[in-house]
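Listed here are the chains, written in short residue letters.
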Amino acid sequence: MISSDLNNAGDNQANGRWEGTAGPILVEVKRTNSMRDVRGALLALAYLVDGESSKSQAVCVVVDSRLSQARLGEELNRLRGVLRPELADRIHFLANRGVQSHSPTAFSGSLEAVPSAFYEWLEGLITTERLRGHAPKLPQRQIVVATLAQLRLWNQPPVTVKRLQETSGASYPTVATVLKELGEKGWLENSSERGVRLRHLTIGEWMDLARDHARLRKAHLFTDPTGHATPEQMAKRLAQLQDASKLPRNVRIGGVLGASRHFPELDITAAPRLDLSASADPTHVAEMIDAGLRPKTRPEQRVALAVHATRDPWVITNAGSQPLERWAGELECLADLIDMGFTREASEMAHHMELTNKEGRSTP
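Residues numbered from 1 in each chain as written. Predicted model: local features only at pLDDT ≥ 70, side-chain atom pairs only at ≥ 80, totals over all residues. Heavy atoms only, no water.

A. Broad picture of the sheet that holds strand 11 (residues 305-309). Spatial ordering of the open sheet is given by 8-9-11-7-10, a layout of five strands whose pairing is mixed. Single-partner strands in this sheet number two, and they are strand 8 (252-253) and strand 10 (294-295). Pairing of strand 7 (residues 218-223) with strand 10, which is carried by two bridges, proceeds in the antiparallel orientation. The residue bridging T223 from the neighbouring strand is R294, located in strand 10. The strands that helix 9 (residues 231-243) touches are strand 8, strand 9 (274-278) and strand 11; relative to strand 9, the one it contacts most, it runs at about 35 degrees. Of the strands in this sheet, strand 7, strand 9 and strand 11 touch helix 11 (residues 282-289), which is tilted by about 30 degrees from strand 7. (Pairing = 2+ DSSP bridges. Helix = DSSP H or I, 4+ residues; strand = E, 2+ residues; numbered from the N terminus. Contact = heavy atoms within 4.5 Å. Axes fitted to C-alpha atoms, helices over the stretch in contact; angles between N-to-C directions.)

B. Molecular detail of the packing of helix 5 (residues 140-153) against helix 7 (residues 172-185). It is at 9 Å that the axes of helix 5 and helix 7 come closest, and there the two elements cross at 60 degrees. Comparing the axis directions of helix 5 and helix 7 gives the class oblique. Where helix 5 crosses over helix 7, the handedness of that crossing is right-handed. Here helix 5 contributes Q140, R141, V144, V145 and L148 to the contact with helix 7, which in turn contributes T174, V175, V178, L179, E181 and L182. Residue composition of the contact of helix 5 with helix 7, grouped by class: seven nonpolar, two polar and two charged. (Parallel < 35°, antiparallel > 145°, perpendicular 65-115°, else oblique. Left-handed = near helix turned anticlockwise from the far one by under 90°. Nonpolar A, V, L, I, M, F, W, Y, C, P; charged D, E, K, R; others polar.)

C. Structural view of the pattern of salt bridges. This structure, assessed with the given rule, holds 27 salt bridges. Of the charged contacts, one joins E75 and R71 as a salt bridge, the two residues approaching to 3.6 Å between their closest N and O atoms. Of this pair, E75 and R71 are both found in helix 2 (residues 69-80), four residues apart, which corresponds to roughly one turn of the helix. Exposure remark for E75: the relative accessible area of 4% places this residue in the buried category. Take R71: its relative accessible area is 30%, and that puts it in the partly exposed class. With a shortest N-O distance of 2.7 Å, D243 and R326 are connected by a salt bridge. With D243 in helix 9 and R326 in the loop between helix 12 (313-317) and helix 13 (330-339), this pair connects stretches of sequence that are 83 residues apart. Residue R326 is classed as buried on the basis of its relative accessible area, which comes to 17%. Several salt bridges converge on common partners, so that one network encompasses R39, R71, E74, E75 and R78. (Salt bridge = Lys/Arg side-chain N within 4 Å of Asp/Glu carboxyl O. Buried < 20%, exposed > 50% of the residue type's maximum accessible area, 1.4 Å probe, protein only.)

D. Structural context of the environment of R90. By the element assignment, R90 lies in the loop between helix 3 (85-88) and strand 5 (91-96). You can call R90 buried: its relative accessible area is 12%. Considered as a pair, R90 and L111 are 21 residues apart in the sequence and their alpha carbons are 9.0 Å apart. R90 has contacts with V49, E52, S53, S54, S56, Q57 and A58, leaving out every residue within four places of it along the chain.

E. Fine view of the side chain of R273. Mapped onto the elements, R273 comes out in the loop between helix 10 (255-262) and strand 9. According to the relative accessible area criterion, R273 is buried, its value standing at 10%.

F. Structural context of the packing of helix 8 (residues 203-216) against helix 13. The N-to-C vectors of helix 8 and helix 13 enclose an angle of 75 degrees; their axes lie 8 Å apart at closest approach. One finds that helix 8 runs roughly perpendicular with respect to helix 13. For the pair helix 8 and helix 13, the contacting residues are W206, M207, L209, A210, R211, H213 and A214 in the first and L331, E332, L334, A335, I338 and D339 in the second. Taken together, the residues of the contact of helix 8 with helix 13 sort by class into nine nonpolar, one polar and three charged.

G. Layout of the nonpolar core. Among the nonpolar cores identified, the biggest contains 62 residues, and W206, L276, L305, L334 and L337 are the most heavily contacted of them. No other element matches helix 5, which puts seven residues into this core. In this structure, W206 is in contact with A149, R152, L153, L201, L334, A350, M353 and E354, ignoring residues within four places of it in sequence. The next biggest cluster of nonpolar side chains, apart from the first, holds 22 residues, and it includes A14, M35, L83 and I91. (Core = buried A, V, L, I, M, F, W, Y, C linked by side-chain atoms within 4.5 Å.)

H. Structural detail: the confidence of the model for the protein. Across the protein, the average pLDDT comes to 85, with 85% of residues at or above 70. Note on residues 1-12: pLDDT is under 50 here. Beyond four places in sequence and across chains, it has 24 contacts. The low-confidence segment residues 317-323, where pLDDT is below 50, has eleven contacts with residues more than four positions distant or belonging to other chains. (pLDDT = per-residue confidence, 0-100.)

Given below as structure tokens:
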């Protein structure tokens, strides 16, 4: 019933699309104080909705803005005045002042008679857009390596360079450079099949790969001044936020909790902290999970939450998988263990990864 495709949002499509009984609603979210931005968004939506069925509508949702509802209404009326009548009435605006109540009263504007389920979905879309707007710069080289590693762990067939670009989101020069480096190390498989794939890696090679991954990604560390937040409690809170569409699904649980999912024999009795892999704004993720968390500023402070800025290929290549949908991939978890100093335990997990991969284990 409900869908949105934010990663592919561009000039020729809206941020989200809600499918309701009365017809689809195309949504463009704008965090701006510029009426020029709003005008451009309304015009773009008019072009989009003109190519849809006659039941479709489109709405520009303006959030975190100083623009008044009256000013937004004036701009919409100006646009409607130059559109065909049958198209003009299908273009709308909504304003949100930062209130999140799962209620249409949190919004004001020209869109009327819409089910409350639309507004619940809309709040999730707005949250995702806010996170995306402050997302950190991600290590493209490591994303390519991690994608190849995850495909190897699933024993997937070789992939073309073009497919590797699409899956990792990296440019052709970046992919070509990574493949050249891996080829020189002898880590690529010799195969008559079209495409590239990592060969089976040894324990030491998995450890080297994870060390590089841990070193090149950026970790944002947070402390809990109260001392009450536990990894399990925060993981439960994350699940609740994701189920309510307040945090995106690409925030994944790694560290000891995640590693235990991939390697149940992990010899660590309790997780010292919660590790997350995310391509969203780490500070906002931490605030949503526990408003009492603070960035670590002194060496002696204990880390309660670590948010690693990365694009986990577990999400990229297996977004529809249910059994491990909240958990980061093996390489992320292995890097987390090394990051925390659990070298022996990480080596045991790498041994498990080597054996299961050679046994031919495939996508879960």
